[in-house]
Amino acid sequence: MTDHVQTAREGAVLTIRLNRPDKKNALTRDMYGAMGNALRAAAGDDAVRVILLAGGADFTAGNDIADFAAAGERKPGDPGAAFEFLEALVATTKPVVAAVRGNAVGIGTTLLLHCDVVVASTSARLMMPFTKLALVPEAGSSFLLPLRVGPAPANWWLLSGAAFSGAEAAEAGLATRAVEDGAVEATAAEMAAALAALPPGSVQESKRLIKAPHAEALRAVMTAERVSFGERLRSEEAQAAFAGFLKRKG
């Protein structure tokens, strides 16, 4: 594990925690790699029945833009660590619970579509600013988000990149439950423990059945998004947007 991604198992619940608070848990390729490795290891460990994803004061501010901008130099067809992490998240048979506080930007929001339980702070700030960075949706969000919350809010959130609260996420159906900020982690841990106490074979087969109707379509959409995302990432528009973002932050 990188120091910015920590894992700990309590009983049958494995917690994967982002630990880069000075950067609001902005994600680097190394962090994606560590999270993907943790998910794959958990998939083969019978002692792990549930996976809990958490951050801290912030879930994640999304991609580290400086690190991400350099990805535009990769050769075409390279899926990148972010997509490999997403593939591991989609593939896991274990139920995944997310504890969301503070900022959940970009993939910090779209990855929630692949979690089975999402506990969000009512004051959490979620957003998918892909168009603001001259990019396109990822993680199958162009397909899954309209299914989850309906086309009207999905269209607005994806096209405009507008922020919305954890309370709004729960009202729309993106989050399972919205609670006060101080109760997020305890509530998520309680719900993870409740799932871990159930017969694991039954839980995993139920998860498979829930996801099965859309599995083939999701794979096709994620492949198409990955191609389009890679093209956009290498575009002049995206490089200009990254440069502008880094200049403002500098």
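Everything numeric here is computed off the predicted structure, so don't read it as measured data.

**So, unusual backbone geometry**
Right, on to step 1. Residues other than glycine seldom take positive phi values, yet Asn 25 does so here, at roughly 60°.
Right, on to step 2. As for its placement among the helices and strands, Asn 25 is situated in the loop between strand E2 (13-18) and helix H1 (29-43).
Right, on to step 3. Positive phi, close to 60°, is recorded for Ala 134, a residue that is not glycine.
Right, on to step 4. Examined against the element boundaries, Ala 134 turns out to sit in the loop between strand E7 (125-127) and helix H5 (141-149).

**Focus on the side chain of Glu 138**
Right, on to step 1. Here Glu 138 lies in the loop between E7 and H5.
Right, on to step 2. For Glu 138, a relative accessible area of 4% corresponds to the buried category.
Right, on to step 3. In this structure the side chain of Glu 138 is engaged in a polar contact, spanning 2.6 Å, whose partner is the side chain of Thr 110.
Right, on to step 4. Once residues within four sequence positions are removed from consideration, Glu 138 is found in contact with Phe 83, Gly 106, Ile 107, Thr 110, Phe 130, Glu 225 and Phe 229.

**Describing helix H3 (residues 80-91)**
Right, on to step 1. Compared with the 16 Å implied by 1.5 Å per residue over 12 residues, the 17 Å span of H3 between its first and last C-alpha is a close match.
Right, on to step 2. Looking only at H3, the buried set comprises Gly 80, Ala 81, Ala 82, Phe 83, Phe 85, Leu 86, Ala 88 and Leu 89.
Right, on to step 3. On its buried face, H3 is in contact with H1, strand E3 (50-54), strand E4 (96-100), helix H4 (107-110) and helix H9 (200-233).

**Observations concerning the packing of aromatic side chains**
Right, on to step 1. Counting across every chain of the model gives three aromatic pairs.
Right, on to step 2. Measuring from centroid to centroid gives 5.6 Å for Phe 83 and Phe 229, while their planes differ by 80°, and the two rings are edge-to-face. Of the two residues, Phe 83 sits in helix H3 while Phe 229 sits in helix H9, which places them 146 residues apart along the sequence. Residues Phe 83 and Phe 229 agree in their burial class; the two are buried.

**Notes on the packing of H5 against helix H6 (residues 151-160)**
Two quantities define a packed helix pair, namely the angle between the helix axes and the distance between the axes.
Right, on to step 1. Close contact between H5 and H6 brings their axes to 7 Å; oriented N to C, the two are set at 140°. In terms of axis orientation, H5 runs oblique to H6. Our pair here, H5 against H6, has a crossing hand that is right-handed. Counting all contacts with H5, which are made through Ser 141, Ser 142, Leu 145, Pro 146 and Val 149, the residues of H6 involved are Pro 151, Pro 153, Ala 154, Trp 157 and Leu 158.

What counts as what
- Residues numbered from 1 in each chain as written.
- Predicted model: local features only at pLDDT ≥ 70, side-chain atom pairs only at ≥ 80, totals over all residues.
- Heavy atoms only, no water.
- Helix = DSSP H or I, 4+ residues; strand = E, 2+ residues; numbered from the N terminus.
- Buried < 20%, exposed > 50% of the residue type's maximum accessible area, 1.4 Å probe, protein only.
- Polar contact = N/O pair within 3.5 Å; in protein donor to acceptor, adjacent residues only side chain to side chain.
- Contact = heavy atoms within 4.5 Å.
- Expected span 1.5 Å × (residues − 1).
- Phe/Tyr/Trp six-rings, centres within 6.5 Å; stacked < 30°, edge-to-face > 60°.
- Axes fitted to C-alpha atoms, helices over the stretch in contact; angles between N-to-C directions.
- Parallel < 35°, antiparallel > 145°, perpendicular 65-115°, else oblique.
- Left-handed = near helix turned anticlockwise from the far one by under 90°.

Spatial relationships are all this shows, so hold off on functional conclusions.
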